[in-house]
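# Residue-level structure breakdown
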Amino acid sequence: MAAIPALFGLLMVAVVTGQNVDITPREAVRRIGDELTVLCKVPYPIDSCRMTVGSTSYRLIPENREGDVIYTGQGLKQGECGALIKNIKEEWNGNISCVLPPQSGSIEISGTMRLLVARAPSPPHLNSPPQPAFSEGDGFTAQCVVPNGRPAAKITWFLGTEELLAGLHQSVLTSDPGSDLVTISQNVSRTLSMDDDNKMLVCRAEHEALENYMEAKRQLVVRYPPKRLDSAGTITIFGLKLGAEGRLNVTVRANPPPVAEWTVGDTRVVAPHIADNGAFTALEPLLLGNGFYNITLILSTIAKEDVERTYYLRVSNDLGRDEFAVRISTMDEPAGVELDTGAIVGIVIGVLVVLIAIFLVVLAYATDRWCFAGRRRDNPRSSGESSDTESAVGGRERSRIAQLSARMRAVLPKAKDKVQATETQMDTEDKPLSDDKKGVVYAELALGEQTATEKPPPPSTEYAEIVYNDQPPKETKE
């Protein structure tokens, strides 16, 4: 039964410890000799401040400014218990605690933070397959290990001068039992290509305790068959002159180095070699760097038949071969913009989009759809409303003046008009007209065309009366 009060007392201490104590920072990494400021705050005035650093407890007094651990803060009355820790030592690695009086009661309260005194790791080492060279398309995996750092080191991969981001695996942290030193390892996987040849794979380790980073390296050697640089097709060498020496230069990539063989008509020349007739000289492939080779055939004197023939080049190594057709020209190389397949496809698609847009606009205008849907409703002429009868069918009335104006226009002699006018000629009728009928002309008006969607009105004919004076003009006296 005596164990129960003891357990209750420990529980109360655990509850009170850290109660209402705000400690900043919660964790820090410092190198040996650096400084660290730790601040503990409570929301009430205090009369004492103690700080435990390593195995030593320091009673901090604001007026005392001597020693490696001194008071810092706005004062005890403000509830601040802070410590400026100078010249950090290796043995101070671990927890730092502040101890303050409680607001009520007799049990002191405390707050704790974690100080990591940085310790530089051992140099990194790179684990990779033992073979000296790889083939294009091979899978490659390497591992970088940086042991015994406090805290763990940071690993960064590089391939050549560029940071390697693809193919990285999750980092693994390990430590020995009872030790706070951490070993970090990370793997990287990659499918090798010819662009990786001769590049340096670098594992870089960075750490707070290091002034500079540490690296482990391995140069990659990737073997691949000869490959041309330009697009497929015949290669044309421009700018050569008749009667002068000519050089046919072709650049390829290969590893191991390629063997070059030229075929000119029935003559074959393997570099480095001079043809039997002395007209052609094949130079040994010249290494330009990073697997690039310049292959050259020299023509002693360019004749007209040299311009008309095709030269064939075969390059090969242990992994494969490639063949080229080469022609020469005495003209200067044409200047222009080279478009790849993607750019050409983009231009074609753009043109098609523009043509489709134009077609849709024309179709919409012709059929009164979409944005042109209200055009005919707003324009009575487009609906065929050109007479009094059509206006009456559509439910609209026109003024008497507008009716007379339309009838007058209908009888005027206009070309290609749909108005049929009939005039009664006074001098051709057998029966004389009465006085009230003289000077009257009857005109028959044809109705305008009706739209297919509207019911046509009943047939009707309208007449217009035109009154004119039949008296002859008076003669002018001279």
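The preceding data block contains the structure.
Anyway, here's the lowdown on the structure attached to this text.

About the criteria used
- Residues numbered from 1 in each chain as written.
- Predicted model: local features only at pLDDT ≥ 70, side-chain atom pairs only at ≥ 80, totals over all residues.
- Heavy atoms only, no water.
- Helix = DSSP H or I, 4+ residues; strand = E, 2+ residues; numbered from the N terminus.
- Buried < 20%, exposed > 50% of the residue type's maximum accessible area, 1.4 Å probe, protein only.
- Contact = heavy atoms within 4.5 Å.
- Areas by Shrake-Rupley, 256 points an atom, 1.4 Å probe, with all protein chains shown as cover.
- Phe/Tyr/Trp six-rings, centres within 6.5 Å; stacked < 30°, edge-to-face > 60°.
- Lys NZ or Arg CZ within 6 Å of the ring centre and 35° of its normal.
- Core = buried A, V, L, I, M, F, W, Y, C linked by side-chain atoms within 4.5 Å.
- Pairing = 2+ DSSP bridges.
- Disulfide = S-S within 2.5 Å.

### Considerations on the overall build of the chain
Counting its regular elements, the chain contains six helices and 31 strands. Looking at the chain as a whole, 33% of its 478 residues qualify as buried. The contacts of the chain with a sequence gap of at least 6 include a subset with a gap of at least 24, amounting to 61%. Taken as a whole, the chain presents about 30400 Å² of accessible surface, with 53% of it coming from carbon and sulfur.

### With respect to the packing of aromatic side chains
In this structure the tally under the stated criterion is one aromatic pair. Where Phe134 meets Phe140, the ring centres are 5.3 Å apart and the plane angle is 85°; that geometry is what we call edge-to-face. Comparing Phe134 with Phe140 shows no difference in burial state: the two are buried. Over the ring of Tyr213 we find Arg204, and its NZ or CZ is 3.9 Å from the ring centre.

### Observations regarding the nonpolar core
In terms of nonpolar packing, the biggest core is built from 28 residues, with Leu36, Met51, Ile85, Ile96, Leu100, Met113 and Leu115 touching the most fellow members. Those elements that provide at least two residues to this core are strand S3 (36-41), strand S4 (50-53), strand S6 (69-72), strand S7 (80-85), strand S8 (94-100) and strand S9 (109-117). Here this core gets four residues from one element, more than from any other, and that element is S9. Setting aside chain neighbours within four positions, we find Leu100 in contact with Cys40, Val42, Ile46, Cys81, Glu108 and Ile109.

### A look at the sheet that holds strand S17 (residues 200-206)
Strand order in this open sheet of four strands is S14-S13-S17-S18, and the pairing throughout is antiparallel. Whereas interior strands pair on both sides, the edge strands pair on one side only; in this sheet they are strand S14 (162-163) and strand S18 (214-219). Pairing between strand S13 (residues 154-159) and S14: two bridges, direction antiparallel. If you follow Leu159 over to S14, its bridge partner there is Glu162.

### Some thoughts on the state of the cysteines
Taken as a whole, this structure holds three disulfides when the rule is applied. Between the sulfur of Cys40 and that of Cys98 lies a disulfide, 1.9 Å long from S to S. Here the disulfide of Cys40 and Cys98 is left-handed, its torsion about the S-S bond being about -100°. You can see Cys40 sitting in strand S3 and its partner Cys98 sitting in strand S8, a full 58 residues away along the chain. Under the relative-accessibility criterion, Cys40 is labelled buried at 0%. The disulfide bridge from Cys49 ends at Cys81, spanning 1.7 Å between sulfur atoms. Taking the sign of the S-S torsion, 70° for the link of Cys49 and Cys81, the bridge is right-handed. With Cys49 in the loop between S3 and S4 and Cys81 in strand S7, the pair connects residues that are 32 residues apart, well separated along the chain. Each member of the pair, Cys49 as well as Cys81, carries the same accessibility label: buried.

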